[in-house]
Amino acid sequence: SFNDSPVPQEVKDAVQAARALVQQKATAAETKVQQAAQAEATARNARAALQAKKEEAEEHLRKAVAAEAEAQATKDAMEAAIAEAKRTDAQVTAQSSAYEAAVEEKQQKKLVMMQKLQAKQDKEAQWKMEDKGFADEMTDINRVTLPNLQQQLVDLDAEYNRRKEAINAAIAEATARRAELSGKRQENKNTRNTEGRSITDDYKESLNSYKQVKDRVEELAAAAQNAKAASQQATGSAVAKVKEYWKKVAALDVASDKKATAQEEAESARREALHAQFAHAELADQMARASKERDDFEELKIKVEGVYEYAVVFYNKLGEVQQPNGNPMMNVMLLVKDPAMKPCLASYNTIITAANDLAQVDQQDIISKLKAGLTKIDQDRYTHFKQWCGDEDFVRWIWGANELTKVELAID
């Protein structure tokens, strides 16, 4: 423990005084950090509030600009509507004439289409009737004639040799007739596929033409109806539109005034947000500096603790060195062989190196409190070596024999 260590009380007091001062400064730095953090948080909140205010003002400005643009667009639309109402009557007359001509063309196209449709239907009825006759005759052959003949062939098996040729001839004749009828059906089918397709295509072409004219007539009828309604509406609301126009002009003036006010508010909010941003940045920088100061003192406290820890090692090793009994030259040889000597010298160098590092820090009040303890350590080293070796030249031999170079204390 601290009280039981072999370090002299003078060194302990110096280390404790330096450590207490470092702790005091570290606590003060921590207070600064907390104060700076609180101020930075306040500034950050203020900046966020002003940023929200700025965004709200900019949103008002955007709405005001949009309202002004909408009012301007409405005014332009009203002017266009008034001009359009003046053109509507002429368009109604022209569209009515076009509609009447299209209706006449539609009737003619429809008449031609119906004639072609009737011709197509007549031809298909004729083909169907012919095909039905062929099919009926084939059905009779398949269902009556051939089965009867075949049955007769079975029933007259006893007369087979006598009537075979006659029956075979009848079968051949029926088969030939069936083939002939099948050919006629195929011919009828081919005719339908060629001539009938041509008639159908002609009818479809006429139907499509009729549909196009019909659609055009319907479009023209709708356009004429819409134009007529628009003309009536334009004529009936012309005065109202003019009055509404002047209302929109007044609304445009109001919107322009609101936009100007919103621009001023947005600009003011931007300036306030910018100032808050600069203030927040300054406080953040102060907090960073305070944090660095706190960290520096924490590091300084660790270095002061390190000086004491190595002082404990130094005094422990110094106590382990065996007291030589001889002349200075003999004592040097004995001390060089002592296993505690090199760790003792190395710990002394470590203490002085750490102290010299502390001297580089701009904290003279802390160094001054620690200086007494460092001086005491150096005096104890000097006193022991003088007691053992006498002349300082012999002391340098001990350092050299242990392959060490004595670090000099660099604290004024």
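**As for helix α4 (residues 341–359)**
And step 1. For α4, with 19 residues, the first-to-last C-alpha span of 27 Å sits near the 27 Å given by 1.5 Å per residue.
And step 2. Every buried residue of α4 is listed here: Met341, Cys344, Leu345, Ser347, Tyr348, Asn349, Ile351, Ile352, Ala354, Ala355, Asn356 and Leu358.

**Thoughts on the pattern of salt bridges**
And step 1. Considering all chains together, one arrives at 33 salt bridges under this definition.
And step 2. A salt bridge links Arg44 to Glu40; the nearest nitrogen and oxygen atoms lie 2.5 Å apart. Linking Arg44 with Glu40, this pair stays in helix α1 (residues 9–155), spanning four residues, or about one helical turn.
And step 3. Classification of Glu40 as buried rests on a relative accessible area of 9%.
And step 4. Arg381 is the salt-bridge partner of Asp378, the closest N and O atoms lying 3.3 Å from each other. Separated by three residues within a single helix, Asp378 and Arg381 lie in helix α5 (residues 364–389), roughly one turn from each other.
And step 5. Here the salt bridges share partners, and the residues they tie into one network are Glu58, Glu267, Arg270 and Arg271.

**Some thoughts on the packing of aromatic side chains**
And step 1. Here the structure, examined in full by the defined rule, presents four aromatic pairs.
And step 2. Look at Phe385 and Trp388: their rings are 5.6 Å apart centre to centre, the planes differ by 35 degrees, and that puts the pair in the tilted class. Residue Phe385 and its partner Trp388 are both found in helix α5; the two are separated by three residues, about one turn of the helix.
And step 3. Taking the relative accessible area as the measure of exposure, Trp388 reaches 3% and is therefore buried.
And step 4. Clustering of aromatic rings is evident, with ring pairs tying together Phe314, Tyr315, Tyr348 and Trp399.
And step 5. Of note, Arg381 hangs over the ring of Tyr348, and the distance from its end group to the ring centre comes to 5.2 Å.

**Considering the side chain of His280**
And step 1. Assignment of secondary structure puts His280 in helix α2 (residues 160–320).
And step 2. Residues in contact with His280, not counting those within four places in the same chain, are Glu40, Ala43, Arg44 and Arg47.

**Observations concerning the packing of α4 against α5**
And step 1. Contact pair α4 / α5: the axes reach a minimum separation of 11 Å and the direction vectors enclose 155 degrees. The orientation of α4 relative to α5 falls into the category roughly antiparallel. Considering the relative orientation of α4 and α5, their crossing is left-handed. Listed contacts from α5 to Met341, Leu345, Tyr348, Ile351, Ala355, Leu358 and Ala359 of α4 are Gln364, Ile367, Leu370, Leu374, Ile377, Asp378, Arg381, Phe385 and Trp388.

**Regarding unusual backbone geometry**
And step 1. One non-glycine residue, Glu403, lies in the positive phi region at around 60 degrees.
And step 2. Secondary-structure assignment places Glu403 in the segment after α6 (392–401).
And step 3. For Glu403, a relative accessible area of 71% puts it in the exposed group.

Thresholds applied
Residues numbered from 1 in each chain as written. Predicted model: local features only at pLDDT ≥ 70, side-chain atom pairs only at ≥ 80, totals over all residues. Heavy atoms only, no water. Helix = DSSP H or I, 4+ residues; strand = E, 2+ residues; numbered from the N terminus. Expected span 1.5 Å × (residues − 1). Buried < 20%, exposed > 50% of the residue type's maximum accessible area, 1.4 Å probe, protein only. Salt bridge = Lys/Arg side-chain N within 4 Å of Asp/Glu carboxyl O. Phe/Tyr/Trp six-rings, centres within 6.5 Å; stacked < 30°, edge-to-face > 60°. Lys NZ or Arg CZ within 6 Å of the ring centre and 35° of its normal. Contact = heavy atoms within 4.5 Å. Axes fitted to C-alpha atoms, helices over the stretch in contact; angles between N-to-C directions. Parallel < 35°, antiparallel > 145°, perpendicular 65-115°, else oblique. Left-handed = near helix turned anticlockwise from the far one by under 90°.

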